[in-house]
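Structure at a glance
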Protein chains: 2
Amino acid sequence: MPEIKLQHILTMRELMLIGAHHNFVEVTTTNLGRVIGRSQQAASKHLMELEASGYLERSRKGQKLVVRITDKGFSEIQSLFTSLKAAVELSPVLRFEGKVVQGMGEGAYYLSLEGYRKQFKEKLGYEPFPGTLNIKLTDKVFTDARREIDKYHSIFIHGFSDGKRTYGWVKCYPALVNDGQIAEAAVLVLERTHYDDSMLEVIAPVSIKKTVGIENGDRVKVNVQLMIKTD
Amino acid sequence: MPEIKLQHILTMRELMLIGAHHNFVEVTTTNLGRVIGRSQQAASKHLMELEASGYLERSRKGQKLVVRITDKGFSEIQSLFTSLKAAVELSPVLRFEGKVVQGMGEGAYYLSLEGYRKQFKEKLGYEPFPGTLNIKLTDKVFTDARREIDKYHSIFIHGFSDGKRTYGWVKCYPALVNDGQIAEAAVLVLERTHYDDSMLEVIAPVSIKKTVGIENGDRVKVNVQLMIKTD
DNA sequence: ATTACTATTTCGCGAGTAA
DNA sequence: TTTACTCGCGAAATAGTAA
C-alpha cells in the first residue's frame, strides 16, 4: 500500500518524466502546476510536502527551483505502479466462497520442507506461513469453478526427492482472501492431493486465520487472479 | 491525462482485483472501505461518484450491491497505469533546450510522403503534423547531449524508394516538449540530414508552435525519453 | 519574471443515523 | 445487517499578494 498521498502522484509522475529521478532538474511551480492541472500554489505546496516526506530534494537556484526525486520517492511510485499493474493485467478472476475446515496437518509438514520452501521464496516472493487454510466449497458454482482452475497459467513448484521418497509438484495461483484483506496469498493444487474438487487449499506469508480473524466453520472468500498469457 | 479523480483509483484498483471488470461482483461498502483504507461512507460515495462518471455500473442486490467496471472506467485506470509505466521505466532522460528557428520546409515535405506517413502512424501511434519544429541548441551541454542520442534505442522508420529516388531511414526518439506541455512528440534523426549537432528536429501529432504558443526565436525545452532495453 | 505566504473556498472524509 | 443521508471538520485547492 502506498504511503504517498494520492494528490502527489501526478506531480511525481511529471517530475520523473523530465528526468528528476537521477538528476536534479530545474522546474518552475507555474509550469509544474500547468502540467499537473493545478495552480502554481498547489504545485509549490506539493513540492514542499514531498520534500517534508523525504520523497524529493529541493533547493533554490536563483529564483527557480531544482529538485531531485529520492529513491524513497521513486519506490513509492513504483509500488503504486506495481499494484495497478496487477489490477490491469491479472484479471479475470475466479471467485470462490466456502467454509473454513480443519486441515490434516499435512500441509504444514510439506511446506516446511526445504525443497519446497526455497522455491516458494523464489517464485512467490515469500515463505508461506507454516499451515494451510482449508476451505470447503459450499456451492455448486464454486466446485464448478474449482475444476476450471487447472486450465489457467500457474506458478509451478517442482517436485523433488530426498533420497527416501519423492514429493510431487505444486501449482500456485496467486489469490486475494476476503476481497483484499490478504492481498498476497495463493491457492495450491498438489500433484498428490487427498482432497476433492470441493476443497481449496490456501497459503499466505502470514497466518490467514489470525490476520482475517476467522475460525473453523466461518465463511471466507478467495479470489484467484488468473494470469493472462503474456505474449 | 486521466480524468478520473485521484481519490478513486484505490477503489477502482480493489474492484478490478476482485474481478469487477468483466463480471458483476458483489461488494459491501463496509468491506470496500476497509480495503481502501477509508470509511464505509467514503466507499459508498466513491461508488456513487464512479457510477455518475460512467466508470462503473452499480445496482442493489437485496441489501448489498453488485458493481461492474465499464470499459470506460477500465481504460481510465489503464491510462494512468501506462503513464506511470512511462515514468518508472523510461528514465533516464536526455534534456535539451534551445531556440526555435525557421526550418527549410523540407521536413514538411518528407513527412507528407506516404512511405513515411504509414510507418509513423503504425510505430508512433499518430500521424505527425506536417511541419517539423527546428531547434537550435544554444549551450555546449546540449550539443554534447545531442551527440549521445544515437547510442540509445529508437523507433526505426525504414527508408523506401518511389522508383525515381530513394528516401533514407528516420530514427524517432519519443520526447516531451516543455515539461509535458506536449506529451506526445518525437525527436527525429534523419539518415540524410542537412543539419549539424546543434540542431534538433521535432514532430508531434499537433502543431507544436501553436499548441505551446511559441514563435521563431523563443526558447523551448525538449526531454527525450530514452528507452531502457527491455529484456 | 519567480516562490510562497495568508485568506478563503471547495472538496473529501468520518460520525451519527434513518430507512 | 445493509446503504446512503446530513452535518461538521480538516485537508487541499485557488485567489490575491509580498518579497
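Going by the structure above, here's the rest.
Structural notes, computed from the coordinates.

Criteria and thresholds
- Residues numbered from 1 in each chain as written.
- Chains lettered and ligands numbered in written order.
- Predicted model: local features only at pLDDT ≥ 70, side-chain atom pairs only at ≥ 80, totals over all residues.
- Heavy atoms only, no water.
- Helix = DSSP H or I, 4+ residues; strand = E, 2+ residues; numbered from the N terminus.
- Expected span 1.5 Å × (residues − 1).
- Buried < 20%, exposed > 50% of the residue type's maximum accessible area, 1.4 Å probe, protein only.
- Near = heavy atom within 4 Å.
- Polar contact = N/O pair within 3.5 Å; in protein donor to acceptor, adjacent residues only side chain to side chain.
- Nonpolar A, V, L, I, M, F, W, Y, C, P; charged D, E, K, R; others polar.
- Core = buried A, V, L, I, M, F, W, Y, C linked by side-chain atoms within 4.5 Å.
- Contact = heavy atoms within 4.5 Å.
- Buried area = accessible area lost by both parts, 1.4 Å probe.
- Phe/Tyr/Trp six-rings, centres within 6.5 Å; stacked < 30°, edge-to-face > 60°.
- Lys NZ or Arg CZ within 6 Å of the ring centre and 35° of its normal.
- Pairing = 2+ DSSP bridges.
- Least-squares fit on C-alpha atoms with pLDDT ≥ 70 in both.
- Axes fitted to C-alpha atoms, helices over the stretch in contact; angles between N-to-C directions.

**Focus on helix α4 (residues 71–89) of chain A**
End to end, α4(A) covers 26 Å across 19 residues, agreeing with the expected 27 Å (1.5 Å per residue, within 8%). Restricting attention to buried positions, one finds in α4(A) the residues Gly73(A), Phe74(A), Glu76(A), Ile77(A), Leu80(A), Phe81(A), Ser83(A), Leu84(A), Ala87(A) and Val88(A).

**Section: the protein's contact with DNA strand D**
Gln7(A), Ser39(A), Thr29(B), Arg58(B) and Gln63(B) are the nearest of the 18 residues found near DNA strand D. The sugar-phosphate portion of DNA strand D accounts for 59% of its atoms within 4 Å of the protein, the bases making up the rest. Ser39(A) is positioned with one of its side-chain polar atoms (N or O) 2.2 Å from a phosphate oxygen of DNA strand D. Take Gln40(B): an N or O atom from its side chain is 2.7 Å from a base nitrogen of DNA strand D. For the surface near DNA strand D, the secondary structure elements donating two or more residues are α3 (40–52) of chain A together with α3 (40–52) and β2 (56–61) of chain B. Top element by residues in the surface near DNA strand D is α3(B). It accounts for 4 residues. Broken down by class, the residue content of the surface near DNA strand D amounts to 4 nonpolar, 10 polar and 4 charged.

**A look at the nonpolar core**
Formed by 63 residues in total, the largest nonpolar core has its most connected members in Leu15(A), Val27(A), Leu47(A), Leu15(B), Val27(B), Leu47(B) and Ile77(B). Element by element, the count of residues in this core is highest for helix α4 (residues 71–89) of chain B, at 8 residues. Not counting residues up to four positions away in its chain, the partners in contact with Leu15(A) are Ala20(A), Val27(A), Leu32(A), Leu47(A), Leu56(A), Val67(A) and Ile69(A).

**Notes on the interface of chain A and chain B**
Contacts between the two partners involve 45 residues from chain A and, on the opposite side, 44 residues from chain B. Summed over both sides, the interface between chain A and chain B buries roughly 3900 Å², with carbon and sulfur atoms accounting for 66% of that surface. Summed over the shared surface of chain A and chain B, the result is 3 residue pairs in polar contact (both at pLDDT 80 or more). By residue number, the principal contributor to the side of chain A that touches chain B is α4(A), which donates 12 residues. Taken together, the residues that form the side of chain A that touches chain B break down as 22 nonpolar, 13 polar and 10 charged.

**A look at the protein's contact with DNA strand C**
Around DNA strand C sit 18 residues in total, of which Thr29(A), Gln40(A), Gln63(A), Gln7(B) and Ser39(B) are the nearest. What you see for DNA strand C is that sugar and phosphate hold 58% of its atoms within 4 Å of the protein. At 2.9 Å, a side-chain N or O of Arg60(A) approaches a sugar or linking oxygen of DNA strand C. Residue Arg38(B) places a side-chain N or O atom 3.2 Å away from a phosphate oxygen belonging to DNA strand C. Counting only elements with at least two residues in the surface near DNA strand C, the list comes to α2 (29–36), α3 and β2 (56–61) of chain A together with α3 of chain B. When residues in the surface near DNA strand C are grouped by element, the largest group, 4 residues, is from α3(A). Tallied by class, the residues present in the surface near DNA strand C amount to 3 nonpolar, 11 polar and 4 charged.

**Examining the packing of aromatic side chains**
Residue and element names in this part refer to chain A. Taken as a whole and assessed by the stated rule, the structure comprises 15 aromatic pairs over all chains. Measuring from ring centre to ring centre gives 4.9 Å for Tyr116 and Phe160, while their planes differ by 80 degrees; the resulting arrangement is edge-to-face. With a gap of 44 residues between them, Tyr116 in helix α6 (residues 114–124) and Phe160 in strand β7 (residues 160–161) connect regions that are remote in the sequence. By way of ring pairs, the aromatic residues Tyr109, Tyr110, Tyr116, Phe120, Phe160 and Tyr167 are connected into one cluster. Arg165 extends its terminal NZ or CZ atom over the ring of Tyr167, reaching a point 4.1 Å from the ring centre. Above the plane of the ring of Trp169 lies Lys171, whose end atom (NZ or CZ) is 5.2 Å from the centre.

**Digging into the pairing of strand β4 (residues 93–101) of chain B**
All names here are of chain B. Direction of pairing for β4 relative to strand β12 (residues 219–225): antiparallel, over a ladder of 7 bridges. The residue bridging Glu97 from the neighbouring strand is Lys221, located in β12. Sheet topology places β4 next to strand β5 (residues 133–137); 4 bridges connect them, and they run antiparallel. The partner of Val100 across the bridge, within β5, is Ile135.

**Quick look at the relation of the copies chain A and chain B**
Between chain A and chain B, the superposition needs a rotation of 180 degrees and an axial shift of 0.0 Å, giving an RMSD of 0.4 Å. A rotation of that kind, with that shift, is consistent with a two-fold axis. Among all residues of chain A, the one whose C-alpha sits closest to the rotation axis is Leu6(A), at a distance of 3.2 Å. Mapped onto chain B, 98% of the interface residues of chain A are again interface residues, and the two copies thus contact each other with one and the same surface.

**A closer look at the sheet that holds strand β3 (residues 64–69) of chain A**
Residues and elements named next belong to chain A. The 3 strands lie next to each other as β1-β3-β2, forming an open sheet whose pairing is antiparallel. The open sheet has two free edges, formed respectively by β1 (25–27) and β2, since each of these has just one partner strand. Ignoring which end each strand starts from, the neighbouring axes of this sheet average 35 degrees apart. Across 6 bridges, the pairing between β2 and β3 is antiparallel. Within β3, the position partnered with Lys61 by the bridge is Lys64. Contacts from helix α1 (residues 9–17) reach β1, β2 and β3 within the one sheet, and its direction differs from that of β3 by about 95 degrees. Lying on the sheet, α3 is in contact with β1, β2 and β3; it crosses β2 at an angle near 130 degrees.

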